[in-house]
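Overview (structure and organization)
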Amino acid sequence: MFIETVSQLCSCFQLPPWGKFRVGVHYSFEYLIDAERVMDDSGDMITFPEKIFKSHFNNLTEAITSYSPILMDSTIYSIYFIIKDLNPSLEEIKVYAKIKNVNYIQAKKALTNGRNLIFSGSAYSVREILKNLNQFQVSFEIEPVYPYLTQ
């Protein structure tokens, strides 16, 4: 899922009296009443009266940018492999071996619990593991609730 945001862009054609700017570079800005606030090269928001803004910046346009919330999510998610019976099925052992990158004997030995941790990591990394898990008919749980299942 990507979220689109619209921002205003301007180009500096003459160095203004405040802030750190470079001629020919595009900067994002926002309109205020009788002024504009421009983000300079150091990330500071500099407010210019409209007259000064117009005498130093031009080529005003709108830019559409996108970002994905999954990349900004700092939550650590855990995926648990759920074994239906006391003895794991051949399919469950194969899937566990593939995900954990172990051999069949190691996988069978590891699957002694009904609920087995197979991965903990970022939302993006979990999505990659889920792409593999969803190919198979196995049960799993994710903690905390994973909000990106439809991606």
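Residues numbered from 1 in each chain as written. Predicted model: local features only at pLDDT ≥ 70, side-chain atom pairs only at ≥ 80, totals over all residues. Heavy atoms only, no water.

Let's shift gears to the overall build of the protein chain. Scanning the protein chain from N- to C-terminus turns up five helices and eight strands. Its helices and strands in sequence order give the protein chain the pattern β-β-β-β-α-β-α-β-α-α-β-α-β, from N to C terminus. When burial is assessed residue by residue, the protein chain has 33% of its 151 residues classed as buried. In the protein chain, the proportion of contacts linking residues at least 24 apart, taken out of those at least 6 apart, comes to 58%. (Helix = DSSP H or I, 4+ residues; strand = E, 2+ residues; numbered from the N terminus. Buried < 20%, exposed > 50% of the residue type's maximum accessible area, 1.4 Å probe, protein only. Contact = heavy atoms within 4.5 Å.)

Summarising burial for strand 6 (residues 77-82): six of the six residues are buried, a large majority. Here strand 6 shows no split at all, with Tyr77, Ile79 and Phe81 on one side and Ser78, Tyr80 and Ile82 on the other all buried. The pairing of strand 6 with strand 7 (residues 115-121) spans six bridges and is antiparallel. If you follow Tyr77 over to strand 7, its bridge partner there is Gly121. Pairing geometry for strand 6 and strand 8 (residues 139-143), over five bridges, is antiparallel. Looking at strand 8, one finds that Ser78 is bridged to Glu143. (Pairing = 2+ DSSP bridges.)

Looking now at the confidence of the model for the protein chain. Chain-level pLDDT for the protein chain is 84 on average; 87% of the residues reach the 70-or-more range. Per-element mean pLDDT across the protein chain ranges from 64 in strand 5 (residues 57-67) up to 94 in strand 4 (residues 45-49). (pLDDT = per-residue confidence, 0-100.)

Okay, the nonpolar core next. Ile79, Phe81, Leu133 and Tyr146 are the most contacted members of the largest nonpolar core, which has 22 residues in total. Every element with two or more residues in this core is listed here: strand 6, helix 3 (90-100) and helix 5 (123-133). Contacts of Leu133, omitting those with residues within four sequence positions, involve Ile79, Phe81, Val95, Ile99, Ile118, Val138 and Phe140. (Core = buried A, V, L, I, M, F, W, Y, C linked by side-chain atoms within 4.5 Å.)

This paragraph deals with the sheet that holds strand 7. Strand order across the open sheet formed by three strands is 7-6-8, with antiparallel pairing between neighbours. Each edge of the open sheet is held by one strand with a lone partner, namely strand 7 and strand 8. Pairwise comparison of adjacent strand axes, ignoring direction, gives a mean angle of 25° for this sheet. (Axes fitted to C-alpha atoms, helices over the stretch in contact; angles between N-to-C directions.)

As a further point, take the pairing of strand 2 (residues 26-32). Bridge count between strand 2 and strand 3 (residues 35-39): four bridges; the pairing is antiparallel. Its bridge partner lying in strand 3, Tyr31 is registered against Glu36. Once strand 2 ends, the chain turns through two residues before running back antiparallel as strand 3, passing Asp34 with a positive phi of about 60°.

What sets the pattern is the α-helix's 3.6 residues per turn: residues three or four places apart point alike. Buried within helix 3 we find Glu92, Ile93, Val95, Tyr96, Ala97 and Ile99. In this structure, the buried residues of helix 3 make contact with strand 6, helix 4 (104-110), strand 7 and helix 5. Looking at the residues trailing helix 3, positive phi occurs at Asn101, about 60°.

On to the state of the cysteines, then. This model, assessed by the stated rule, comprises zero disulfides. The thiol of Cys10 is unpaired, and the distance to the nearest cysteine sulfur, on Cys12, comes to 7.8 Å. Take Cys12: its relative accessible area is 1%, and that puts it in the buried class. (Disulfide = S-S within 2.5 Å.)

What follows is about a nonpolar patch on the surface. Together, Leu71, Met72 and Tyr124 give the surface a local cluster of nonpolar side chains, amounting to about 350 Å² of exposed area. Relative to the helices and strands, Met72 resides in helix 2 (residues 69-72). The exposed category is assigned to Met72, whose relative accessible area is 64%. (Patch = residues over 30% accessible without salt bridge, like charges linked within 9 Å, V, L, I, M, F, W, Y side chains within 5 Å. Areas by Shrake-Rupley, 256 points an atom, 1.4 Å probe, with all protein chains shown as cover. Salt bridge = Lys/Arg side-chain N within 4 Å of Asp/Glu carboxyl O.)

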